[in-house]
Every structure is written in C-alpha cells, then in structure tokens.
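Residue-level structural notes
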Amino acid sequence: MEKFEEIKKKLKDSMTINGVVQKRYYHSLEVAKKALELNESLNLGLDSDKVYLAGLLHDAAKLKSDDCLWNIILKEFPHLVDQVKDTKTIWHSLAGPYIVKKEYSIFDEEILSAICYHTTGKENMSTLDKVIFVADYIEDTRDNSYTKEAKDASKISLDRTVKIILNQKVDFLRKSGRIICELTFKALNYYLEYGEKC
Ligand SMILES: [Fe+2]
Ligand SMILES: [Fe+2]
C-alpha cells in the first residue's frame, strides 16, 4: 500500500530504538497483510484502506512507557481502571486510539475501535474488530503450535476463529494464574453463545 508510506515511516521511526528497528514494526506489517488477506479470502467486503491502517497501527502505542499508557487509561477509561490495573499487556490496546488520533491524525471510529479491542476482544465486535483481533493472533510470523487451530479455522469462518482465540486466551490466562479482563470474559461468553452457529 504505497499511499501509506508516510504513515509506515512514522510508525517505523516510533519503533526504532538506538537505530534498531524493533520486531514490533515487522509484526505490524504482518498484521496489516494478514488482515487484508482475511478480508479478501473470506469475502468480508471491508474497505481495504481501513483494514490496512487498522492492522498497521494496532500496536502504535505498544512501545510507549507504562506511565504514558496508564495516564491515558485514567483519562479515557476511568470505568475500567480497576479491572485493567494489573494487566499491563492490554494497556497499549486501550490507549491505542488516543495515540493514533494524536500522532497520526486518524479519527475513523471503526479503525479506532479495532485498535482498542485487538487484545481483549469484546462482545458483539464489528467485522473490522474481528479481523484485526484474528490477524494479530495468526499473522505468519507467529508460527506457534497453539495458533494452528485458529489459522485453520480462519480459512472457513471469522466468528469461529474469534471463538477459538478467545477460548485459548482465557485458557492461557487461567493456567498462568493471570487476571482475565472482564471485556475478554464477556467476549468469550458472547461468542460461546452466539458461536453455536459457527
Ligand atoms: Fe497488541
Ligand atoms: Fe499486535
């Protein structure tokens, strides 16, 4: 997507530390690519520019300091403070829309929503939310045995893939004794019920 070269350059600069481009940048490119592939192969009919930008920028806040992310969450999500205070891994997704608006001047609500919930998921996600949630989990460089089931399902059904990923995330969090964010828990219940069809 040549028209987004400027945004890519900005993202790359923000993900370069001491002259070294961080893995996160290449992961971002892979997520954008996988999201486009899903849109195409599953005939989802989403606007490909939106798909690409959401994938490219989903982790735009990932390398910000904890202090920076936490201050954004305090301001933007006061109602979630209690449930996310001990789960730093999701801070960058909730803070993502704020960073993307401020640093990239992107205000499209669908893109911002997909960035916001790419880690936790939520109930009743939009198609773009689901595409980014799935692409983040199964992009080609994530070549782990645990992604195989989701990768296989992604060739057939987006909803089924979302359900598999939520199950795996909750299972992992449970087994490792970590806190399960209410957003993820509610998302899993929603897709278990809704997912009977898929
Ligand atoms: Fe992320
Ligand atoms: Fe990611």
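The present account deals with the structure reproduced in this document. (Residues numbered from 1 in each chain as written. Chains lettered and ligands numbered in written order. Predicted model: local features only at pLDDT ≥ 70, side-chain atom pairs only at ≥ 80, totals over all residues.)

1. A word on the overall build of the chain
Heads up, the condition is: By the criteria applied, helices consist of DSSP H or I runs no shorter than four residues and strands consist of E runs no shorter than two, each listed in order from the N terminus. Residue burial is a threshold on neighbouring C-beta atoms within 10 Å of the residue's own C-beta, all placed from the backbone, with 20 or more meaning buried, 12 or fewer meaning exposed, and counts in between meaning partly exposed. By definition, residue pairs are in contact when their C-beta atoms, positioned from the backbone, come within 7 Å.
When you go through the chain residue by residue, the secondary structure sums to 11 helices and two strands. Principal-axis analysis of the C-alpha atoms gives the chain an extent of 45 × 40 × 30 Å. Out of the 198 residues belonging to the chain, those deemed buried represent 39%. Pairs at least 24 residues apart make up 61% of the contacts formed inside the chain by residues separated by at least 6 positions.

2. Regarding the nonpolar core
Considering soluble globular proteins, one finds that nonpolar side chains tend to be buried as a cluster. Note the cut-off: Throughout this description, the term nonpolar core refers to a group of buried Ala, Val, Leu, Ile, Met, Phe, Trp, Tyr and Cys residues whose C-beta atoms join them within 7 Å.
One finds Ala35, Ala54, Val131 and Val134 to be the most contacted residues of the largest nonpolar core, which totals 53 residues. Residue contacts for Ala54: discarding those within four places in its chain leaves Ala35, Ile111, Ala114, Ile115, Leu128 and Ile132.

3. Some points on helix α11 (residues 182-194)
What counts here: Helix span, as expected, comes to 1.5 Å for every residue beyond the first. Arc definition: it is the arc formed by the directions from the helix axis to the C-beta atoms.
Its 13 residues place the ends of α11 18 Å apart at the C-alpha level, agreeing with the 18 Å of an ideal helix rising 1.5 Å per residue. Taken residue by residue, α11 has Leu183, Thr184, Ala187, Leu188 and Tyr191 as its buried positions. Viewed end-on, α11 has its buried residues packed into an arc of 130 degrees, placing them on one side of the element. Relative to its buried face, α11 has exposed residues pointing more than 90 degrees away, namely Leu192 and Glu193. Taken together, the buried residues of α11 touch α10 (158-175).

4. Focus: the environment of Phe4
Positionally, Phe4 belongs in the segment before α1 (5-14). In this structure, the C-alpha to C-alpha distance between Phe4 and Leu53, residues 49 residues apart in sequence, is 8.1 Å. Setting aside residues up to four positions removed in sequence, Phe4 forms contacts with Tyr52, Leu53 and Leu56.

5. A short note on the packing of helix α7 (residues 109-116) against helix α8 (residues 127-138)
The test is simple: Orientation is described by axes fitted as lines to C-alpha atoms, over the contacting stretch for helices, and by angles from 0 to 180 degrees between their N-to-C directions. Angles below 35 degrees are treated as roughly parallel, those above 145 as roughly antiparallel, those between 65 and 115 as roughly perpendicular, and all remaining angles as oblique. Each crossing gets its handedness from the near helix: less than a right angle anticlockwise from the far helix is left-handed, clockwise is right-handed.
α8 packs onto α7 with a crossing angle of 40 degrees between their chain directions and a minimal axis gap of 8 Å. Considering the angle they form, α7 stands oblique to α8. Two packed elements cross with a definite hand, and for α7 against α8 that hand is right-handed. The segment α7 lies against α8, with Glu110, Ser113 and Ala114 engaging Leu128, Asp129 and Ile132.

6. Section: α7
Turning to α7, its buried residues are Ile111, Ala114, Ile115 and Cys116. Contacts from the buried residues of α7 go to α3 (48-57), α6 (91-104) and α8.

7. Some details on unusual backbone geometry
Look at Ser105: it is not a glycine, yet its phi comes out positive at around 50 degrees. When you line up the elements, Ser105 lands in the loop between α6 and α7. The class of Ser105 is exposed, set by 8 C-beta atoms lying within 10 Å. We note that Asn124 has phi near 50 degrees; this positive angle belongs to a residue other than glycine. Tracing the chain through its elements places Asn124 in the loop between α7 and α8.

8. Overview of the packing of helix α2 (residues 23-41) against α8
Quick reminder of the rule: Side-chain classes are defined by residue name, with Ala, Val, Leu, Ile, Met, Phe, Trp, Tyr, Cys and Pro counting as nonpolar, Asp, Glu, Lys and Arg as charged, and the others, Gly among them, as polar.
Their axes nearest at 8 Å, the elements α2 and α8 cross at an angle of 125 degrees. One way to sum up the angle between α2 and α8 is to call them oblique. For the pair α2 and α8, the sense of crossing is right-handed. Residues Val31, Lys34, Ala35, Leu38 and Asn39 of α2 lie in contact with α8, whose contacting residues are Val131, Ile132, Val134, Ala135, Asp136 and Ile138. A class-by-class count of the residues in the contact of α2 with α8 yields eight nonpolar, one polar and two charged.

Function-wise, these values are silent; they only describe arrangement.
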